[in-house]
Amino acid sequence: MSSPFQSGAPSMDDSLSSEPLSSGPSELTSVFVYGTLMPGERWESVARQGGEYQAQMAQLGGVVLADLRPEGYPALFEEPQASSVVHGWLYTYTAASWPRALPFLDDLEGLHLSPPLYQRVRVSVQTADGLAPAWVYLYARPGRRQAPGFVPVVSGRWADVPERHLEGPRQTWETPEDEGGGPTSGLGA
């Protein structure tokens, strides 16, 4: 089974990205959303702040979707051996909207926190039209999987989490090595 993760160029090779990608704008204007940014969910309005986009259903393999508690938001973790897929939406922004949308998305996902809450990586998602390159936000603190409150969403569908609309404390899980102390916002793609 090949990995959906790709290296820096938006080619369709299936190699895992070995280094963080630039957080600046690029020619790739699509993002795979799997949680609170999806249509009808808590933070869909953040996706709309950037401007115009087209939405289509999509799936991503090689990841595990989790409901993080007490944080109250979803997270994706890379899992090359995952046997199921995560269901979400592919938002493809217009070229003019993407530079406006990206800062809203990166800020929501805590990309610029120290340490970052999520990282944005390139992947290939499956749509009705075939494979499509996209950005996705993966949880950047892998130790969170072993902490209490990591609840896998076995169906791969955020809509199957009954408590997903509850306002949680929305603070990150902090590790002893985290600098700066104190809770930070992070709301999950």
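As a reminder, the structure under discussion sits directly above these lines.
Residues numbered from 1 in each chain as written. Predicted model: local features only at pLDDT ≥ 70, side-chain atom pairs only at ≥ 80, totals over all residues. Heavy atoms only, no water.

Asks: Got a minute to help me understand the pattern of salt bridges in this structure?
Replies: Where side chains of opposite charge bring their charged atoms close, a pairing between them can arise. In the structure shown here, the tally under the stated rule is five salt bridges. Notably, a salt bridge pairs Asp67 with Arg69, separated by 3.1 Å at the nearest N-O pair. Close ionic contact of Arg144 with Glu71 constitutes a salt bridge, the shortest N to O distance being 2.9 Å. You can see Arg144 sitting in the loop between strand S7 (130–139) and strand S8 (150–152) and its partner Glu71 sitting in the loop between strand S3 (63–68) and strand S4 (73–78), a full 73 residues away along the chain. Just as Arg144 is buried, Glu71 falls in that class too. (Salt bridge = Lys/Arg side-chain N within 4 Å of Asp/Glu carboxyl O. Helix = DSSP H or I, 4+ residues; strand = E, 2+ residues; numbered from the N terminus. Buried < 20%, exposed > 50% of the residue type's maximum accessible area, 1.4 Å probe, protein only.)

Asks: Help me understand the environment of Gln49, please; the structure alone is not making it clear to me.
Replies: Residue placement: Gln49 occurs in helix H1 (residues 44–49). As a C-alpha pair, Gln49 and Arg100 span 51 residues in sequence and 8.0 Å in three-dimensional space.

Asks: What's the story with helix H2 (residues 98–108) in this structure? I'm lost.
Replies: Because the α-helix completes a turn every 3.6 residues, residues three or four places apart line up on one side. Of the residues making up H2, those classed as buried are Trp98, Ala101, Leu102, Leu105, Asp106 and Leu108. For H2, the arc enclosing every buried residue in end-on projection is 155 degrees, short of the 170-degree limit, so these residues lie on one face. Contact partners of the buried residues in H2: strand S1 (30–33), H1, strand S5 (86–93), strand S6 (118–127) and S7. Positive backbone phi, at 65 degrees, marks Gly110, one or two positions downstream of H2. (Arc of directions from axis to C-beta. Contact = heavy atoms within 4.5 Å.)

Asks: Explain the layout of surface pockets here, please?
Replies: Space left empty within the atom packing is revealed by a probe, the size of a water molecule, rolled over the atoms. The volume enclosed by the second largest pocket comes to roughly 200 Å³. Every residue lining the second largest pocket is listed: Met38, Met57, Ala58, Gln59, His87, Gly88, Trp89, Gln126, Arg157, Trp158 and Ala159. Partitioned by chemical class, the residues of the lining of the second largest pocket number six nonpolar, four polar and one charged. (1 Å grid on protein atoms, 1.4 Å probe; cavity = no way out; pocket = protein on both sides within 12 Å on 5 of 7 lines; lining within 4 Å. Points joined across faces, edges and corners; volume = space filled by probe spheres on them. Nonpolar A, V, L, I, M, F, W, Y, C, P; charged D, E, K, R; others polar.)

Asks: Where do I start with the sheet that holds S3 in this structure?
Replies: With antiparallel pairing, the three strands of this open sheet are ordered in space as S4-S3-S8. Each end of this open sheet is capped by a strand with a single partner; those strands are S4 and S8. Taken over all neighbouring pairs, the strand axes of this sheet differ in orientation by 40 degrees on average, direction set aside. Examined bridge by bridge, S3 and S4 share six bridges and lie antiparallel to one another. When the sheet's bridge partners are listed, Ala66 is paired in S4 with Ala75. (Pairing = 2+ DSSP bridges. Axes fitted to C-alpha atoms, helices over the stretch in contact; angles between N-to-C directions.)

Asks: Please explain the packing of aromatic side chains as it appears in this structure.
Replies: For any two aromatic rings, the description comes down to two numbers: the centre-to-centre distance and the angle of the planes. Tallied over the entire structure, the rule returns eight aromatic pairs. Seen in terms of ring centroids, Tyr118 and Tyr139 are 5.2 Å apart; in terms of plane orientation they differ by 90 degrees. Their pairing is edge-to-face. Taken together, the residues span a long stretch of sequence, with Tyr118 in strand S6 and Tyr139 in strand S7 at a distance of 21 residues. Take Tyr118 and Tyr139: they sit in the same class, and that class is buried. (Phe/Tyr/Trp six-rings, centres within 6.5 Å; stacked < 30°, edge-to-face > 60°.)

Asks: Would you mind showing me how to read the side chain of Arg141 here?
Replies: Locating Arg141 in the fold gives a position in the loop between S7 and S8. A distance of 2.7 Å separates a polar side-chain atom of Arg141 from the backbone oxygen of Pro115. (Polar contact = N/O pair within 3.5 Å; in protein donor to acceptor, adjacent residues only side chain to side chain.)

Asks: Would you mind showing me how to read the pairing of strand S2 (residues 53–60) here?
Replies: On a regular strand, one side chain projects to one face of the sheet and the next to the other, so that they alternate. Inspection of the sheet shows S2 paired to S5 by eight bridges, in the antiparallel sense. Paired with Ala55 across the two strands is Tyr91, which belongs to S5. The sheet contact formed by S2 and S6 spans two bridges and is antiparallel. Opposite Ala58, over in S6, you have Thr127 as the bridge partner.

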